[in-house]
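Residues per chain are reported as follows:
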Amino acid sequence: MVSRVIPVDPFDLVIFGGTGDLARRKILPALFRRFLAGQIPEGSKIIGAARSELDDDAYRQLVAEALAEFHDGEMDQKCLTDFLRGLSYEQVDAVGEAGWDALAGHMRPDMVRAFYFSVGPSLFGALAERLQLHGMVDPDTRIVVEKPFGRDLETARALNQSLAVHFDESQIYRIDHYLGKETVQNLMAIRFGNMLFEPLWNSQYIDHIQITVAETVGVQGRGDYYDRSGATRDMVQNHLMQLLCLIAMEPPAKFDPDAVRDEKLKVIRALDPVEPQDIVRGQYLLAGDRAGYLEDVENSASTTESFVAMKLHVSNWRWAATPFYLRTGKRLKARASEIAVVFKETPHSIFDEDAGRHRNTLSIRLQPNEGIDLDVTIKEPGPGGMRLIDVPLDMTFSEALGPDSEAAADAYERLIMDVIRGNQTLFMRGDEVEAAWAWTDPIIQGWTERGDQPLAYDTGSSGPDDALALMHRDGRRWREIRE
Ligand code: NAP
């Protein structure tokens, strides 16, 4: 099955930080792939902006090199030349005055206009102010901002306020690239597009939910940034929280940005505070010639966590008796992200004890191999009597939908096209971000005040043993972390 490419309107897109790592690694390759797919209409302009002194040709050269490194498909020279022709560059300092009038000169009336803030958050306010000052903001102008959106409630609120002076909430697109993943959107399609699951989607039938985002890499070159952040700020407050919201939210009245985000917000507000005994934090140890966390961040006294596991309760009618277990960490045994919805056992087994007890699990894999599995219990084939086994009903998208499917598109491709379409459904609203910080802040404050020390864990493990115990003491087990 080949999916349809739905063209967007021609646009002017400015990438502030157009020379930076995120632009080269993600944004520009995503735009190039959309161009190859035929989704970017003729007449669209992509303008890189940063302080470096470059002309259009030098910028095109920089982008060509970035694509050579980060574009993972075939490189057709003619397509590359055509794509590069639509690029230009303006030298602009977010906190200076030079270059802004020239940038404004690129803007065309009646064209979709978007500004991607691919720079540190300390520059968001200055960019918003200068865009307004130089007449580049009309009611339909959009801005895209990247994480980290604050480091606590106070800083997130200040960021929201600095943007709100110049932009309406309907113009602000806060990216969480997890929401751009095909599987994550499919989670909503599966929940709300099928009769099968929704009646079972509650405490009566679901025993617990696990969300795991495991990485094999350490903090590497980002030690300084990471040590001021840690796994809870870097991953839980945003990515894992967003996944939890989509799993736990009530059905919105329609698939409309505010209807969906209202329901997500209710989930965050229904989260109970987490008790200290329900959180485990860890730091990876050195392994052979691979440095440990403390060496990587060059701070032997650091108490920042590179791993966190926690048990949460969503305090509402639907989820009253179903715990959510979240874990994320670096230098774990595999790079794997998944959500597992573990159903209860049948209330009574009609089979012999030999048949064993089984339960259904719906697992949603975000990486690698995006897809969805439903473990169902069947009879083990053969004349060995009534023995039961669990087999997965596999829905790996690349197999089900074919190699040419648009399902293979990267999250950034989908999200940038949504910005151009003006659809905010998969972007975080300001009040959602603030509510997530309001829930996260006391957790972090708690361990700072108590002086809690993270536990050591081995590189290549599943995290500290206490994280396993977090589930064992409830008579449950984490799923294996595997690719
Ligand atoms: P980076 O490699 O340091 O790039 C920063 C960019 O901002 C450069 O293009 C830089 O160019 C430009 N810049 C810096 N100061 C400026 C100023 N005063 N005026 C105009 N442009 C300025 O950082 P990055 O990794 O691309 O990250 C950008 C943002 O995205 C950060 O907030 C980061 O946390 C977030 N993010 C990054 C990633 C990633 O994979 N890299 C992932 C998620 C989120 P000049 O020096 O030429 O001005």
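## So, the overall build of the chain
Per the secondary structure count, the chain includes 15 helices and 15 strands. Computed over the C-alpha atoms, the radius of gyration of the chain is 24 Å, within 12% of the 23 Å expected from 2.2 N^0.38 for a compact globule of 483 residues. Expressed as a percentage of its 483 residues, the buried residues of the chain come to 53%. Total accessible area on the chain is roughly 21800 Å²; 50% of this is exposed by carbon and sulfur atoms. The averaged location of the 77 negative side-chain charges in the chain is 3 Å from the averaged location of its 53 positive side-chain charges.

## Some details on the sheet that holds strand S4 (residues 112-117)
In spatial order, the strands read S3-S2-S1-S4-S5-S6; together these six strands make up an open sheet with parallel pairing. Strands at the two margins of the open sheet, each flanked by one partner only, are strand S3 (87-91) and strand S6 (172-174). Geometrically, the sheet is characterised by an average inter-axis angle of 20° between neighbouring strands, direction not taken into account. Relative to strand S1 (residues 11-16), helix H1 (residues 21-36) is tilted by about 165°, and along the sheet it contacts S1, strand S2 (45-50) and S4.

## Observations regarding the site of the ligand
Of all residues adjacent to the ligand, which total 20 residues, the nearest are Thr19, Asp21, Leu22, Arg51 and Ser52. Between the ligand and Thr19, the relevant distance is 2.6 Å, taken from an oxygen atom to a side-chain nitrogen or oxygen of the residue. Protein chains shield 71% of the accessible area of the ligand, which is 880 Å² for the free molecule. Here the residues of the shell around the ligand sort into eight nonpolar, seven polar and five charged.

## A word on helix H9 (residues 230-248)
For H9, which comprises 19 residues, the first-to-last C-alpha distance of 25 Å matches the rise-based estimate of 27 Å (1.5 Å per residue) to within 8%. Val236 marks where H9 bends most, by close to 50°. Burial analysis of H9 places 19 of its 19 residues in the buried class, which makes it a mostly covered element.

## A look at the side chain of Arg429
Along the polypeptide, Arg429 turns up in the loop between helix H13 (411-421) and helix H14 (430-450). Looking at Arg429, its side chain comes within polar contact range of the side chain of Asp262, at 2.9 Å. Of note is the side chain of Arg429, whose polar atom sits 2.9 Å from the side chain of Asp431. When near neighbours in sequence (up to four residues on either side) are disregarded, Arg429 contacts Glu169, Arg174, Asp258, Arg261, Asp262 and Leu265.

## Quick word on the packing of H9 against helix H10 (residues 257-269)
Contact geometry of H9 with H10 gives a least axis separation of 9 Å together with a crossing angle of 105°. Classified by the angle their axes make, H9 and H10 are roughly perpendicular. Packed against H9, whose contacting residues are Met241, Gln242, Leu244, Cys245, Leu246 and Ala248, the element H10 presents Lys264, Val267 and Ile268 at the interface. A class-by-class count of the residues in the contact of H9 with H10 yields seven nonpolar, one polar and one charged.

## Considerations on the nonpolar core
Within the largest apolar cluster, 108 residues are counted, with the highest numbers of intra-cluster contacts made by Leu31 and Phe324. Phe16, Leu131, Phe149 and Met428 belong to the second largest nonpolar core, which has 29 residues in total.

## Here we look at the domain arrangement of the chain
It is common to give the size of an interface as the accessible area that goes away when the parts come together. Domain assignment breaks the chain into domain 1 (11-146) and domain 2 (179-472). Between the C-alpha centres of domain 1 and domain 2 there is a distance of 33 Å. Counting residues at the interface gives 17 residues for domain 1 and 12 residues for domain 2. For the pairing of domain 1 and domain 2, the buried interface totals around 1300 Å² over both sides, and the portion due to carbon and sulfur atoms is 65%. Taken together, the links from domain 1 to domain 2 amount to three salt bridges. Measuring nitrogen to oxygen at the nearest pair gives 2.8 Å for the salt bridge that ties Glu413 to Arg33. Run the count over domain 1 and domain 2 and you get five residue pairs in polar contact (both at pLDDT 80 or more). At the level of elements, H1, S4 and strand S5 (142-145) are the ones that each hand at least two residues to the side of domain 1 that touches domain 2.

## Overview of helix H15 (residues 465-472)
Here H15 has its buried residues at Ala467, Leu470 and Met471. Down the axis, H15 shows its buried residues gathered within 85° of arc, on one side only.

Quick notes on the rules
Residues numbered from 1 in each chain as written. Predicted model: local features only at pLDDT ≥ 70, side-chain atom pairs only at ≥ 80, totals over all residues. Heavy atoms only, no water. Helix = DSSP H or I, 4+ residues; strand = E, 2+ residues; numbered from the N terminus. Rg over C-alpha atoms; globule rule 2.2 N^0.38 Å. Buried < 20%, exposed > 50% of the residue type's maximum accessible area, 1.4 Å probe, protein only. Areas by Shrake-Rupley, 256 points an atom, 1.4 Å probe, with all protein chains shown as cover. Lys, Arg positive; Asp, Glu negative; His and termini not counted. Charge placed at Lys NZ, Arg CZ, Asp CG, Glu CD. Pairing = 2+ DSSP bridges. Axes fitted to C-alpha atoms, helices over the stretch in contact; angles between N-to-C directions. Contact = heavy atoms within 4.5 Å. Near = heavy atom within 4 Å. Polar contact = N/O pair within 3.5 Å; in protein donor to acceptor, adjacent residues only side chain to side chain. Nonpolar A, V, L, I, M, F, W, Y, C, P; charged D, E, K, R; others polar. Expected span 1.5 Å × (residues − 1). Bend = angle between axes of the 7 residues up to and from the residue. Parallel < 35°, antiparallel > 145°, perpendicular 65-115°, else oblique. Core = buried A, V, L, I, M, F, W, Y, C linked by side-chain atoms within 4.5 Å. Domains from an automatic or database assignment. Buried area = accessible area lost by both parts, 1.4 Å probe. Salt bridge = Lys/Arg side-chain N within 4 Å of Asp/Glu carboxyl O. Arc of directions from axis to C-beta.

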